[in-house]
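Notes for the structure review
What follows is the residue order along each chain.
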Amino acid sequence: MTSNVYWGSPRQARLDAAETLPAKLDLILDALHLRDRVKDELVAIKMHVGNNLSYSVIHPVFVRKVVQAIKDGGGKPFVVDVDWDASGAEKRGYASETIGCPVYPVGGLKDNYYVSYFHEYKNMKEWKLGGMIQDASFLVNFAHVKGHPSCSFGAAFKNLALGCMVGGTRGLMHDTHHVDPYWFPELCPDAETRQRIIDSCPHGAIVEDRHSPGNLHLHYEPCNQCGRCLKVAPEGSWKINPANFWTFQEACAISTSIVLGTFDPGKAIHLNLATHMTPVCDCFGFTSMPILPDAGIFGSDDIVALDQATLDVIARSRLITENVPTSMEVIPNDGHPFTWMHGPMKDPYKVLEYGEALGLGSRQYELVDVLPVEEKKFAPMAYIHARS
């Protein structure tokens, strides 16, 4: 089945507020009939408010638009994020006076307010969903698009999968990388060779296992699958397998399924803002230069179609390699531009494959431009009159 994804281009023909992204967000909210769907609903707006010195997160102007639409429709909105980001959100402009509603930690002030769901996957059985999500009756999933060191890309899926679970569950999801073995010590018994394997990685991704001295441990986030380590390790002793990278994305799909399963059908919408996209997640607490051109704003009832369309539109652009931090290695490949920084095994489309298989939506979509850019050669510039 084909799903509609509504899109507002970052381009505009005129120097006119009506052609800017916040105005196009209004058109997307109208197309999704948000106001008509939230009467008497307790609406959780799940977004990433960043931390520390982040300034590329979703600007309060956009958040205020969503909050006002919910209020217009008779709903009661609140913003929710993980505890260590929600604490201090006002320092980045997310105060109730600015956005029009409060900001709450998803698992309460001590990250211990949750509801347990059970689903066996790799090292996981119990998934602790933040109680503030459980309490809501309607969900607005509002994600900022950026790179991510675990899976190369973060948007609507990751916003829910990690951001709606309490800290312990988030940690276990990252640990799924390590369940399938990749180190076979019997094939590399000498310490000198182990040290050469460690030293072969310029990104510091390989270390001695702190829980098992004499064994090796791979930090999957900085690993870009360059293969230098494989040239040093004895054959079969050390493996860089796609399956170890993909487990995190499958865990994200399962987590998202649990989150969305708490809401009745039709009680969720999804929004992606693809502006000032940086190499890593907003939780890093700082903003670097944008590594891709702005791709606009997207909205849909279908989370799978939304992230698919977002990735496809971004893929039309080239990675701005000169803006990538010099400590990161850019290796061109045939995959998505995000994988040029994070490696081809961190395929951003994998989570969509898993999500579609779980019945969360369709990768088939129709992209609906809510305000096509008029190709005008010249137009008068607006004049702002001085006020007496």
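Above: the structure in question.
Below is a short write-up of the structure. This is a predicted model, so every value here is computed, not measured.

Thoughts on unusual backbone geometry
- In this model, N52 sits at a positive phi of 50 degrees, which is unusual for a non-glycine residue.
- Position of N52 among the secondary structure elements: in the loop between strand 2 (42–46) and helix 3 (60–72).
- One non-glycine residue, K122, lies in the positive phi region at around 50 degrees.
- Within the element layout of this structure, K122 appears in the loop between strand 5 (114–121) and strand 6 (124–130).

What to know about the nonpolar core
- In terms of nonpolar packing, the biggest core is built from 59 residues, with W127, I133, L139 and F338 touching the most fellow members.
- Residue contacts for F338: discarding those within four places in its chain leaves K146, G147, S152, F153, M277, I291, L292, L311 and I314.
- Listed in part, the 35 residues of the second largest apolar core include I58, V79, A89 and I99.

Observations concerning the sheet that holds strand 3 (residues 76–81)
- Spatially, the eight strands line up as an open sheet ordered 4-3-2-7-10-11-1-12, and their pairing is mixed. Pairing within the sheet leaves two strands with one partner each, and these edge strands are strand 4 (103–105) and strand 12 (365–369). When the angles between neighbouring strand axes are averaged without regard to direction, this sheet yields 25 degrees.
- Summarising the sheet, strand 2 and strand 3 pair through five bridges and their orientation is parallel. Bridging across to strand 3, L42 finds its partner in K76.

Examining the pairing of strand 11 (residues 296–300)
- Counting buried positions along strand 11 yields five of five residues, so the element is predominantly enclosed.
- By the bridge criterion, three bridges tie strand 1 (residues 3–8) to strand 11 in an arrangement that is antiparallel. Across the sheet, residue Y6 finds its bridge partner in strand 11, namely G299.

Things to note about the packing of aromatic side chains
- Taken as a whole and judged by the stated rule, the model has eight aromatic pairs.
- Ring centres of F78 and Y104 lie 5.7 Å apart, and the angle between their planes is 50 degrees; this geometry places the pair in the tilted category. Here F78 is found in strand 3, whereas its partner Y104 is found in strand 4, with 26 residues between them in sequence.
- Of the residues examined, Y104 reaches a relative accessible area of 35% and is grouped as partly exposed.
- Taking NZ or CZ as reference, K350 lies 3.9 Å from the ring centre of W246, over its face.

Thresholds, definitions, all that
- Residues numbered from 1 in each chain as written.
- Predicted model: local features only at pLDDT ≥ 70, side-chain atom pairs only at ≥ 80, totals over all residues.
- Heavy atoms only, no water.
- Helix = DSSP H or I, 4+ residues; strand = E, 2+ residues; numbered from the N terminus.
- Core = buried A, V, L, I, M, F, W, Y, C linked by side-chain atoms within 4.5 Å.
- Buried < 20%, exposed > 50% of the residue type's maximum accessible area, 1.4 Å probe, protein only.
- Contact = heavy atoms within 4.5 Å.
- Pairing = 2+ DSSP bridges.
- Axes fitted to C-alpha atoms, helices over the stretch in contact; angles between N-to-C directions.
- Phe/Tyr/Trp six-rings, centres within 6.5 Å; stacked < 30°, edge-to-face > 60°.
- Lys NZ or Arg CZ within 6 Å of the ring centre and 35° of its normal.

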